[in-house]
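# Results of the structural survey
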Amino acid sequence: MQKFNKHIILKGETLKSIAALYNLNIDTLKLFHNNQCEVKDMILIELTGQKELFVPRTAVEDKNKLVKFGRGNSLELKPVHSLLKYDVVITLETGDRKNELKYHTSVRWIKSENKLHFFEIDRISNLFLNQEEVNEIADTLAYRTSKVLYPLQISVDERGKFNDVENLSVFKERWAEVKEEVYKEFEGETVDHYCEKIEHIINEPEAISLYLKNDYFIRALFFGIYQSFGQNYETEITASFPVTDNAVEPRYKIKLKTDPVKGETDLITIEGGGKLNDERTMEDFIRKSPFSLIIEDEPVMNEEGTFRIISYLKEETSLPNSLYLECSIMLQEEKKISVSVSRINEN
């Protein structure tokens, strides 16, 4: 993101008038410009034929365009009373094979307590696989039995990072009704298999927490982007994402940046990118090892994977209006997961 704006100098403008326009000290403006421009365009005392001035990114005429940061240029999650509906597209790629899942979901803020925010998440549409509504028996059963989990209540920390599932106890209560509906429509060993699978999950709190921890939509929406961005509006974090089936998720080193000025649609922009930063080798991940089998004082980090995220936030709630997250790792073939989320605007 750019760290400056350019002011086109109009006839009759002076260094003093331009500084006043942006509510800047003359010496501050001069110093900033001289640090950005070529030597021939530097200002010594007054303007001497320069055609443009470099001004700080935050020097805007309309102060309403500035993002309202907290201490340390931190962005705060403020979801109180919010209810948003999203279109979700999840793309799973392994080598040349590609599948796309699509559905609609709602996200409703419930309360804030003990430095946590609580949300209810519900799926509000059928599931589409590769542009077609799910109709294969196995896929349909997986979708129907998973309905026992929704509405789902989760907690999120102050940085907007998924914390835990909060309504585990209700899943058993829902299951009898969901199971009855499934057996009215289907029969046979396949039905028994999926029902046994979901029963195992809902009877083991640890299993259901792990199952939902791998929900790509939840993990993308609540990735933890509400950070302190510092003087340069950027920060570096280490974070994980469930791109592989592993009890300990691959970790990525990511540089996050934000723009102190809202965009044309008055949205706050956060974007970031990085690489895999994990001691485990490709073979470790293929074996689903939770740790590196080679212990070294200064291990060579595996960087065979990439991470990218861009999110556009509504200032009122700080929740995303839209976001895109893409995460990859090299196994026997490259595996990539992308999550695209866009708000559904209701008239």
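A brief structural summary. (Residues numbered from 1 in each chain as written. Predicted model: local features only at pLDDT ≥ 70, side-chain atom pairs only at ≥ 80, totals over all residues. Heavy atoms only, no water.)

### Some details on the overall build of the chain
- Within the chain, the regular secondary structure consists of 8 helices and 15 strands.
- Principal axes of the C-alpha set define a box for the chain whose edges measure 85 × 55 × 40 Å.
- As displayed, the chain has an accessible area near 19,600 Å², and 47% of this comes from carbon and sulfur atoms.
- The centroid of the 46 positive side-chain charges in the chain is displaced by 7 Å from the centroid of its 60 negative side-chain charges. (Helix = DSSP H or I, 4+ residues; strand = E, 2+ residues; numbered from the N terminus. Areas by Shrake-Rupley, 256 points an atom, 1.4 Å probe, with all protein chains shown as cover. Lys, Arg positive; Asp, Glu negative; His and termini not counted. Charge placed at Lys NZ, Arg CZ, Asp CG, Glu CD.)

### With respect to a negative patch on the surface
- On the surface, a cluster of negative charge is contributed by Glu 279, Glu 296, Asp 297 and Glu 298.
- Tracing the chain through its elements places Glu 279 in the loop between β12 (267–276) and α8 (282–286).
- We classify Glu 279 as partly exposed; its relative accessible area is 41%. (Patch = residues over 30% accessible without salt bridge, like charges linked within 9 Å, V, L, I, M, F, W, Y side chains within 5 Å. Salt bridge = Lys/Arg side-chain N within 4 Å of Asp/Glu carboxyl O. Buried < 20%, exposed > 50% of the residue type's maximum accessible area, 1.4 Å probe, protein only.)

### A few points about helix α4 (residues 169–185)
- Along its length, α4 shows its largest kink, about 35 degrees, at Trp 175.
- Along α4, the positions that sit buried rather than exposed are Phe 171, Trp 175, Val 178 and Val 182. (Bend = angle between axes of the 7 residues up to and from the residue.)

### Observations concerning the pairing of strand β8 (residues 152–157)
- Bridge count between strand β5 (residues 116–123) and β8: 6 bridges; the pairing is antiparallel. For Glu 120, the partnering residue across the bridge sits in β8 and is Gln 153. (Pairing = 2+ DSSP bridges.)

### Observations concerning the pattern of salt bridges
- As enumerated under the stated definition, the model contains 17 salt bridges in all.
- Of the charged contacts in the structure, one is a salt bridge between Arg 287 and Asp 284, with a shortest N-O distance of 2.8 Å.
- In the salt-bridge network here, residues are joined through shared partners; they are Glu 38, Lys 40 and Asp 41.

### A look at the side chain of Ser 318
- With respect to the secondary-structure elements, Ser 318 resides in the loop between β13 (306–314) and β14 (320–330).
- A residue is classified by how much of its surface remains accessible, and Ser 318, at 6% relative accessible area, is buried.
- In terms of polar contacts, Ser 318 uses its side chain to reach the backbone carbonyl oxygen of Glu 76, at 2.6 Å.
- Dropping the residues within four chain positions of it, Ser 318 is found in contact with Glu 76, Leu 77, Lys 78, Tyr 226 and Leu 313. (Polar contact = N/O pair within 3.5 Å; in protein donor to acceptor, adjacent residues only side chain to side chain. Contact = heavy atoms within 4.5 Å.)

### Thoughts on a nonpolar patch on the surface
- Residues Phe 291, Leu 293 and Ile 294 make up a contiguous nonpolar surface patch of about 330 Å² in total accessible area.
- Structurally, Phe 291 can be placed in the loop between α8 and β13.

### Overview of the packing of aromatic side chains
- One pass over the structure, following the stated rule, counts 7 aromatic pairs.
- Seen in terms of ring centroids, Phe 69 and Tyr 233 are 5.6 Å apart; in terms of plane orientation they differ by 40 degrees. Their pairing is tilted. In this pair, Phe 69 is assigned in the loop between β2 (52–56) and β3 (83–94) and Tyr 233 in the loop between α7 (216–221) and β10 (234–240), connecting sequence segments 164 residues apart.
- Here the aromatic residues Phe 223, Tyr 252 and Phe 307 are joined through ring pairs into a cluster of three or more.
- Residue placement shows Lys 111 over the ring face of Phe 118; its charged tip is 5.0 Å from the ring centre.
- Residue placement shows Arg 123 over the ring face of Tyr 103; its charged tip is 4.5 Å from the ring centre. (Phe/Tyr/Trp six-rings, centres within 6.5 Å; stacked < 30°, edge-to-face > 60°. Lys NZ or Arg CZ within 6 Å of the ring centre and 35° of its normal.)

### Regarding the nonpolar core
- Tyr 86, Ile 154, Phe 217, Phe 222, Phe 223, Phe 307 and Leu 325 are the most contacted members of the largest nonpolar core, which totals 69 residues.
- Per-element tally for this core: the top contributor is helix α5 (residues 189–203), with 6 residues.
- Other than its neighbours up to four places away in sequence, Phe 307 contacts Phe 223, Phe 241, Tyr 252, Ile 254, Gly 272, Gly 273, Gly 274, Leu 325, Glu 326 and Cys 327. (Core = buried A, V, L, I, M, F, W, Y, C linked by side-chain atoms within 4.5 Å.)

### So, the side chain of Thr 235
- Take Thr 235: it is sitting in strand β10.
- Non-local contacts of Thr 235, meaning those with residues more than four positions away in its chain, are made with Gln 227, Ser 228, Phe 229, Ile 254, Lys 255 and Leu 256.

### Some thoughts on unusual backbone geometry
- The residue after Tyr 150, namely Pro 151, is reached through a cis peptide bond having omega 0 degrees.
- Mapped onto the fold, Pro 151 is located in the loop between α3 (137–146) and β8.
- Unlike most non-glycine residues, Asn 23 shows phi in positive territory, near 60 degrees.
- Relative to the helices and strands, Asn 23 is located in the loop between α1 (15–21) and α2 (26–36).
- With a phi angle near 65 degrees, His 81 is a residue other than glycine that sits in the positive phi range.
- When you line up the elements, His 81 lands in the loop between β2 and β3.

Any link to function would need more than the numbers given here.
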